[in-house]
Amino acid sequence: MKAKQSKKALITIAITVAVLILILLGYSAMEFAAKNSHSSGEIFLYGETHSVKNILDKELELWSSCYHNDGIRDLFVELPYYTAEYLNLWMKSDNDDILDMLYQDWAGTALYSQEVLSFYRQIKAEYPETVFHGTDVGHQYDTTGKRFLEYLESTGQQQSELYRLSQENIEQGQYYYQHSDSVYREKTMTGNFIREFESLDGAAVMGIYGSAHTNTEAMDYATNSVPCMANQLHRKYGGALHTEDLSSLALNTEAYRTDTILIGGKEYTALYFGKVDLSAVLPEYQYREFWRLENAYDDFRDNSTTGNVLPYSNYPMVVETGQVFVIDYTKADGSVVREYHRSDGNTWQGYFTTEEFVVE
């Protein structure tokens, strides 16, 4: 009798141990999956040159992978909070009225591009569960921002978190444009990003921002005095942040057209490589345009320089030592400032740069 009871007890213990092992194995498997899954609070940040079709196509490819393969739904973008919330309303609508209004508000910026419009339409068509998160200061606060507050008021949402954050975002934009404070913008973008990211309780996200904000070792673009957004995020999140710069896809291998530029009584063949938007980074400017003067280096190699440098990464084409460039800056008031730059092979803060020289 005792032998039977002992045998029964052993069987019971064996079953219990087996169950515990299965539970522990199951937990370990789930823990391993969590640690190795893109749903464990990772940030995939991609740097771009704005409104370039090659880059937008690549970003759609990357978002498709995040969306279908990793189950990511939250897309962070270099837009104001209220603009992203408007896009979220548009994603649920059966027409493009909201997107069309936003597009008109973007006139005069790099976003005012058919390629950008197509990018958002493709997201709505192919990735309908996408949720946008805008973390920039309040650009277009007097058009998009004002209209979004009016929408919230008309739907009785004055006491909502949406309303409070939209108001705060408008105030951020007002301060930024009144003071042209790029350091404030970089810090604010980072703070807004952290707030949105941490509200998601550990979900993985993808982000698309100008490459000036996505280098984990870089300082801010305008003043080089504070860490840029990705640099600040890396200090907080460490290895959970993954970055890649896509801006090389924007480099033009061929000029758009050939012009002639007269300098000091001599005509030079000038290859035009297009314009780069500056409005979001330097609000006192709209954009700058680039020409490369052919066979001009020897004529200007001894001209005195001003100390004003421009890293190669700011050019829309490949820059090589021994070249001369003409750069026109169009300001917010429509006036144009012209600079002449030379590539002598010099570096600044570890970056190859051109330097402005004086033309008599």
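Residues numbered from 1 in each chain as written. Predicted model: local features only at pLDDT ≥ 70, side-chain atom pairs only at ≥ 80, totals over all residues. Heavy atoms only, no water.

Trainee: Where do I start with the environment of Glu 360 in this structure?
Mentor: With respect to the helices and strands, Glu 360 occurs in the segment after strand E13 (351-357). On the basis of relative accessible area, Glu 360 is assigned to the exposed category, the value being 82%. In this structure, the C-alpha to C-alpha distance between Glu 360 and Gly 264, residues 96 residues apart in sequence, is 7.4 Å. (Helix = DSSP H or I, 4+ residues; strand = E, 2+ residues; numbered from the N terminus. Buried < 20%, exposed > 50% of the residue type's maximum accessible area, 1.4 Å probe, protein only.)

Trainee: Just to check I follow, could you spell out the pattern of salt bridges for this structure?
Mentor: Oppositely charged side chains can pair when the atoms bearing their charge come close. This structure, assessed with the given rule, holds 20 salt bridges. Close ionic contact of Arg 185 with Glu 78 constitutes a salt bridge, the shortest N to O distance being 2.8 Å. Residue Arg 185 is found in helix H8 (residues 182-198), and its partner Glu 78 is found in strand E2 (residues 74-80); the two are separated by 107 residues along the sequence. Residue class for Arg 185 comes out buried when judged on its relative accessible area of 2%. In this structure, Arg 185 engages Asp 136 in a salt bridge whose closest nitrogen and oxygen atoms are separated by 2.7 Å. Here Arg 185 is found in helix H8, whereas its partner Asp 136 is found in strand E3 (residues 131-136), with 49 residues between them in sequence. For Asp 136, a relative accessible area of 1% corresponds to the buried category. (Salt bridge = Lys/Arg side-chain N within 4 Å of Asp/Glu carboxyl O.)

Trainee: Honestly, the packing of aromatic side chains in this entry has me stumped. Any pointers?
Mentor: Given two aromatic rings, one states the distance between the centres and the angle between the planes to describe the pair. This model, assessed by the stated rule, comprises 24 aromatic pairs. Relative to Phe 193, the ring of Phe 76 has its centre 4.6 Å away and its plane inclined at 45 degrees; by these criteria the two rings are tilted. With Phe 76 in strand E2 and Phe 193 in helix H8, this residue pair connects regions lying 117 residues apart in the sequence. Overall, the relative accessible area of 0% leaves Phe 76 in the buried class. Relative to Tyr 112, the ring of Tyr 103 lies with its centre 4.5 Å away and its plane at 20 degrees, an arrangement referred to as stacked. Assessed through its relative accessible area of 38%, Tyr 112 is described here as partly exposed. (Phe/Tyr/Trp six-rings, centres within 6.5 Å; stacked < 30°, edge-to-face > 60°.)

Trainee: Please clarify how the layout of surface pockets should be interpreted in this entry.
Mentor: Any empty space left between the atoms is revealed when a probe the size of a water molecule rolls over them. Quantified by volume, the second largest pocket comes out at close to 610 Å³. Along the walls of the second largest pocket sit 36 residues, with Thr 109, Leu 111, His 139, Gln 140 and Ala 280 positioned nearest its centre. Going through the elements one at a time, helix H2 (53-69), E2, helix H5 (114-126), helix H6 (141-154), strand E4 (205-210) and strand E8 (285-293) are the ones with two or more residues in the lining of the second largest pocket. Among the elements that line the lining of the second largest pocket, the one with the most residues is E2, at four residues. Taken together, the residues of the lining of the second largest pocket break down into 19 nonpolar, nine polar and eight charged. (1 Å grid on protein atoms, 1.4 Å probe; cavity = no way out; pocket = protein on both sides within 12 Å on 5 of 7 lines; lining within 4 Å. Points joined across faces, edges and corners; volume = space filled by probe spheres on them. Nonpolar A, V, L, I, M, F, W, Y, C, P; charged D, E, K, R; others polar.)

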